[in-house]
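So you can see what is in the structure, the chains are spelled out below.
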Amino acid sequence: MVDFSAMEKDLSSILFNEKQIETRVRELGELISRDYSGKNPVVIGILKGSLIFMSDLIRRLTIPLNIDYVAVSSYGRSTDSSGVVRIVKDLDEPIEGRHVLVVEDIVDTGLTLRYLLDNLQSRRPLSVAVCVLLDKPSRRKVDIKPDYCGFEIPDEFVVGYGLDYAENYRNMPFIGILDRSVYEGK
Ligand code: IMP
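Residues numbered from 1 in each chain as written. Predicted model: local features only at pLDDT ≥ 70, side-chain atom pairs only at ≥ 80, totals over all residues. Heavy atoms only, no water.

All right, on to the site of the ligand then. With respect to spatial proximity, 17 residues lie near the ligand, and among them Asp108, Thr109, Gly110, Thr112 and Val158 are the closest. A distance of 2.4 Å is found between an oxygen atom of the ligand and a side-chain nitrogen or oxygen belonging to Thr109. Look at the ligand: alone it shows 490 Å² of surface, and the protein chains cover 93% of it. For the shell around the ligand, the secondary structure elements donating two or more residues are strand E5 (99-107) and helix H4 (111-121). For the shell around the ligand, the element with the most residues is E5, which contributes four residues. Classifying every residue of the shell around the ligand gives seven nonpolar, four polar and six charged. (Near = heavy atom within 4 Å. Polar contact = N/O pair within 3.5 Å; in protein donor to acceptor, adjacent residues only side chain to side chain. Areas by Shrake-Rupley, 256 points an atom, 1.4 Å probe, with all protein chains shown as cover. Helix = DSSP H or I, 4+ residues; strand = E, 2+ residues; numbered from the N terminus. Nonpolar A, V, L, I, M, F, W, Y, C, P; charged D, E, K, R; others polar.)

What follows is the structure in structure tokens.
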């Protein structure tokens, strides 16, 4: 048993353990493999948050596919969205005429995905769909509904399994609620 207590002490609770995440990722993999059969999609991960989810998910996809990544500017050190989104690393390949599946860690206000989806649509792909691991629907500011979603969660700031606070906690293999004492007053 690996001991993550040095980071786990900052959590108020664990939301999803490794087993629960693995089971859900397998289910999503089956669903997406069925839906994209014969479509040879390009699966686009949004860095850095989707890194771990993306690598687990694509190993559950049984269809031929390509992968690519974009990096967008994130929250920085805060827990609230600034609404300002910027592509800091673009795709390596064109997506014109391709079926695109965007993989994101979490959709919160929806501002990041809205910006990115509009940007990708302008490149004339055949289709664009979104797979998120976590959805916080109560915080939405723009109308976005993911096509595939791992778990809906309440309005709490969560870390682990790729998700960070100030670039920390990404390497925990489970997802937990960050204790407010860690970021309140900052
Ligand atoms: P949105 O633009 O508000 O939907 O935010 C999307 C981005 O904010 C995600 O890709 C995450 O990087 C970050 N984010 C939103 N909520 C959380 C959270 O609870 N924990 C960690 N990152 C979050």
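From this point, things continue past the structure.
Moving on to the environment of Val130. Within the secondary structure, Val130 is located in strand E6 (residues 127-135). Owing to a relative accessible area of 4%, Val130 belongs among the buried residues under this scheme. Separated by 95 residues in sequence, Val130 and Asp35 place their C-alpha atoms 13 Å apart. Residues contacting Val130, with those up to four places away along its chain left out, are Leu101, Val102, Leu113, Leu117, Pro146, Asp147 and Tyr148. (Buried < 20%, exposed > 50% of the residue type's maximum accessible area, 1.4 Å probe, protein only. Contact = heavy atoms within 4.5 Å.)

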